[in-house]
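In case you want the letters, here they are:
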Amino acid sequence: MVQSYQSPVRVYKYPFELVMEAYVRRFPKCDMIPIMAGTDIISQTTSKDGALIKVSRRCKLHVEAPYLLKKIMGVEYIYFVQTNVLDQRNRTLTIEAYNESFSSRVGIIENCRYTVHPENSDWTCFEQTATLDIKSFFGFESTVEKIAMKQYSQNISKGKEIIEYFIEELRKDGITHLPRWEEPSQKTVPEICITKDSKKLENESDSSSEEMEGRDRTSSTPSTGSRELQLGASATNLPIIDKINLHEDNNKLDADYIKRCLGDLTPLQESRLIQLKKWVAELQKGKVPSDSCLLRFLRARDFNIEKAREMLSHSLIWRKRNQIDKMMSEYQAPQVVKDYFPGGWHHQDKEGRPLYLLRLGQMDVKGLVKSVGEEGLLKHTLHICEEGLRLTEEATVSQGCPVTTWTLLVDLEGLNMRHLWRPGIRTLLKIIEIVEANYPETMSCVLIIRAPRVFPILWTLVSTFIDDNTRSKFLFYGGNDYQGSGGLIDYMPKENIPDFLGGDCKSVVHEGGLVPKSMYQPGEDVDGTRQHIPLSDQSIYHSVSLARSQVHEVVLLIEEPGSVICWDFDVMKNDVSFSVLRTKVPITHRPETQSPTGAMGVIDAVMGSDDQHRSAIEKTWREGHEYFRVEPQLICHDGESIQYHERTGHEGCGMDHQPVYHEGESIQGSHVTSHMGTYILQWRYYESSQHTSPLDIIDSITAPKSKIMYYYETLKSADYRGSMTSLQSCQSGFSSLSSNTNKSATSSCPSR
């Protein structure tokens, strides 16, 4: 594989002539470049008018490689040929170098240019490109590539330092200015040709190297005649390099600009950035992403330019297809988002990065999804991401140092099973996927505070969809550990800590709250009736209707104690009751249909009885003996939105008072199982009174049905145990999630 390097434009704030004088002082040997063992001039020619000077040198370099590789190579030095062309008329110096040693196995080509700065004639610009092509090297191709790139990177870093050093030496010698070259008046400068015997230089090479390389190196060395250059009457035979114009070539980046606006990058990272910028400019017609944007995609792929290019390409296509730039410029947050979305920008963190507060525990996820839909929440999230990029650019300008990321502070106070509403989780995962793909490396860290014990379940559902690099940025606090020393004060200035977290700063972030049902958007049910939740083709919800005295059950076989049963259902019509039951003896099969008896039996016979409405609890079983009610019975009514709270109680005890609720109620809950065996989720049509007369029986037949839409799942203990350490420990402190996700936890399961 061919490795390539492209440097940014490095600017020396000295005239070209002074930089050239400093440059030649590094020959024949420079103590600041330990790898250089010496140089010899192969040939030197000067044009008749003295404007063009061409010098070829052979450079002897120390071999910096592991001992074993040195023994295999059999050499102490490797040789490079460097050719410099100085054009004093146009004030340019071009340098081309290639390796002479091992040329049949490794190809290294380097090109450098010194030119006058396009905006200041007293400044000098420097650019550098190089390619490394390792064809074969005794099975050590990968090792040689790493050594070569590392050494090359180190030498590049020293380049500017060396020029600065010799300019200081010139200053000490009293040389602070050198006149520019002028055209000769009458006389012409005689052509000079200095040539050294190449055979003598070849004999200086290590004999063991010749044994390995044979005639490869000798054949690559120019003969004496080919090294001599007869220029003729004019200097036009030498290449004249046009002056660099940074404004005409937008692919070039100033090294000082990179450090000032993008941060400290290694030479190879700078090279990857310039290469990606050039690729985008060649293919992208119209608006080109900013340099900070390109850098984010490179960082997301560990500066692997091919992977970064692929990721960026997909993102650019996504932005164009969805007209993101237009959408964001025209975006106006819906009123329900303005009133009930509990998030907003809040000053800066200690590093000067924009800070976004999200009071997730106070967010009515279901209400927002039902009001603005998945697309509405996604647009609002994208607007936050775009706003974050704008704020980081403003912070870079105002602070005079690179600010490329922003910080997210998430308050989970109030988080409960209501937030595990499945469509909400699905929406969250979709948003995470889109943001990860199109806004990589935008957040410096995610601070999670006041995380309750239910949080591990939520984290189990979403963490696998978060990139490893992003996941490592999550920092957690449980309880009140965020207060005091070692808490938020380490990340936020004391004066910026919001009042709802115990600080003195008044926060303008909305507190959230339940979204009124009057703001919900209607949806179509599968049978054409109106409902609150739009069903997709891949809906994970089940829909069932219940007539009077009918029951619908989900029978679950729990194989290990500590598993968590989660449920989520909406009452679409009329009243229903809900219970979680456990049987004493595991149920391995559904009971056979029994012959209808009595008044209710007549109803069953008329309405029809099937497996969907058949109870697994036999009529002879007694509560507290053959089966137990592990979660109290709950009746759901119209017009209210409540959270089903897990209750602590003794098995076998029922509830004397059963509150009545109606159509429109949304229920989410969970139960941590304490036994193995059969558990039953049971929904019943709720009847407010007993029916004894024949007319009541007829009314029962013609009465409207209740309807529910439900989802359930069982989380095994292993699915969430060990996903993180206990978030409720008062000694927990912040910790990187990446170091905790695979460790065992002592108390991570949610309380009942």
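Quick caveat: nothing in here was measured; it's all calculated off a predicted structure. (Residues numbered from 1 in each chain as written. Predicted model: local features only at pLDDT ≥ 70, side-chain atom pairs only at ≥ 80, totals over all residues. Heavy atoms only, no water.)

(A) View of the packing of aromatic side chains. Tallied over the full model, the rule gives 18 aromatic pairs. When the centroid spacing of 6.4 Å and the interplanar angle of 25° are considered together, the rings of tyrosine 12 and tyrosine 114 count as stacked. Taken together, the residues span a long stretch of sequence, with tyrosine 12 in strand S2 (residues 10-12) and tyrosine 114 in strand S7 (residues 106-116) at a distance of 102 residues. Pair check on accessibility: tyrosine 12 and tyrosine 114 agree, each one buried. Centre to centre, the rings of tyrosine 23 and phenylalanine 27 are 5.5 Å apart; their planes meet at 75°, and the pair counts as edge-to-face. With relative accessibility at 4%, the residue tyrosine 23 sits in the buried group. Residue classification places phenylalanine 27 among the buried residues on the basis of a relative accessible area of 13%. (Phe/Tyr/Trp six-rings, centres within 6.5 Å; stacked < 30°, edge-to-face > 60°. Helix = DSSP H or I, 4+ residues; strand = E, 2+ residues; numbered from the N terminus. Buried < 20%, exposed > 50% of the residue type's maximum accessible area, 1.4 Å probe, protein only.)

(B) Representation of the sheet that holds strand S14 (residues 474-478) in the model. The strand order S10-S11-S12-S13-S14 describes an open sheet built from five strands, whose pairing is mixed. Sheet topology places strand S10 (343-348) and S14 at the edges, where each strand pairs with a single neighbour. Here the strands of the sheet are splayed against their neighbours by 20° on average, with no regard to which way each runs. With respect to the sheet, helix H14 (residues 365-399) is in contact with S10, strand S11 (354-358) and strand S12 (406-411), its orientation differing from that of S10 by roughly 10°. (Pairing = 2+ DSSP bridges. Axes fitted to C-alpha atoms, helices over the stretch in contact; angles between N-to-C directions. Contact = heavy atoms within 4.5 Å.)

(C) Highlighting empty space enclosed by the protein. On inspection of all chains with the given rule, the structure shows four cavities of 30 Å³ or more. Its boundaries defined by the atoms lining it, the second largest cavity holds a volume of some 110 Å³. What lines the second largest cavity is a set of 13 residues, among which Met417, Leu420, Cys566, Trp567 and Glu713 lie closest to the centre. Elements that contribute at least two residues to the lining of the second largest cavity include exactly helix H16 (455-462), strand S19 (564-573), strand S22 (666-672) and strand S24 (706-715). It is S19 that contributes the most residues to the lining of the second largest cavity, three residues altogether. Residue classes in the lining of the second largest cavity are distributed as eight nonpolar, two polar and three charged. (1 Å grid on protein atoms, 1.4 Å probe; cavity = no way out; pocket = protein on both sides within 12 Å on 5 of 7 lines; lining within 4 Å. Points joined across faces, edges and corners; volume = space filled by probe spheres on them. Nonpolar A, V, L, I, M, F, W, Y, C, P; charged D, E, K, R; others polar.)

(D) Quick peek at the nonpolar core. Among the nonpolar cores identified, the biggest contains 58 residues, and Phe341 and Leu382 are the most heavily contacted of them. The element contributing the most residues to this core is H14, with ten residues. Once you skip the residues sitting within four places of it in the chain, leucine 382 turns out to touch Trp318, Ile324, Met327, Met328, Ile434 and Tyr439. Judged by nonpolar contacts, the second largest core, of 28 residues, contains Leu18, Phe27, Ile35 and Leu170. (Core = buried A, V, L, I, M, F, W, Y, C linked by side-chain atoms within 4.5 Å.)

(E) Highlighting the environment of isoleucine 434. Take isoleucine 434: it is sitting in helix H15 (residues 422-438). For isoleucine 434, a relative accessible area of 15% puts it in the buried group. Separated by 56 residues in sequence, isoleucine 434 and leucine 378 place their C-alpha atoms 8.8 Å apart. In this structure isoleucine 434 touches Trp318, Leu378 and Leu382, once residues within four positions along its chain are discounted.

(F) Broad picture of the packing of helix H10 (residues 291-300) against helix H11 (residues 305-321). Interhelical geometry of H10 versus H11 gives an angle of 125° and a closest axis separation of 8 Å. As the angle between them shows, H10 and H11 are arranged oblique. Between H10 and H11 the crossing geometry is right-handed. Together, Leu294, Phe297, Leu298 and Ala300 of H10 and Ile305, Ala308, Met311, Leu312 and Ser315 of H11 make up the contact between the two elements. A class-by-class count of the residues in the contact of H10 with H11 yields eight nonpolar, one polar and no charged. (Parallel < 35°, antiparallel > 145°, perpendicular 65-115°, else oblique. Left-handed = near helix turned anticlockwise from the far one by under 90°.)

(G) Fine view of the pattern of salt bridges. Taken as a whole, this structure holds 24 salt bridges when the rule is applied. A salt bridge links glutamate 183 to arginine 89; the shortest N-O distance between them is 2.8 Å. One end of the pair, glutamate 183, is in the loop between helix H3 (141-172) and strand S9 (192-195); the other, arginine 89, is in the loop between strand S5 (77-87) and strand S6 (92-99), and 94 residues separate them in sequence. The class for glutamate 183 is partly exposed, based on a relative accessible area of 49%. (Salt bridge = Lys/Arg side-chain N within 4 Å of Asp/Glu carboxyl O.)

(H) Looking closely at the pairing of strand S8 (residues 124-134). Where burial is concerned, most of S8 is hidden: eight out of the eleven residues are buried. For strand S1 (residues 2-6) and S8, the ladder comprises five bridges, and the chain directions are antiparallel. Residue valine 2 lies in a different strand from S8, and its bridge partner there is aspartate 133. For S2 and S8, the ladder comprises three bridges, and the chain directions are antiparallel. Across the sheet, the residue bridging to arginine 10 is phenylalanine 126, located in S8. With eleven bridges connecting them, S7 and S8 associate as antiparallel partners. Opposite valine 106, over in S8, you have isoleucine 134 as the bridge partner.

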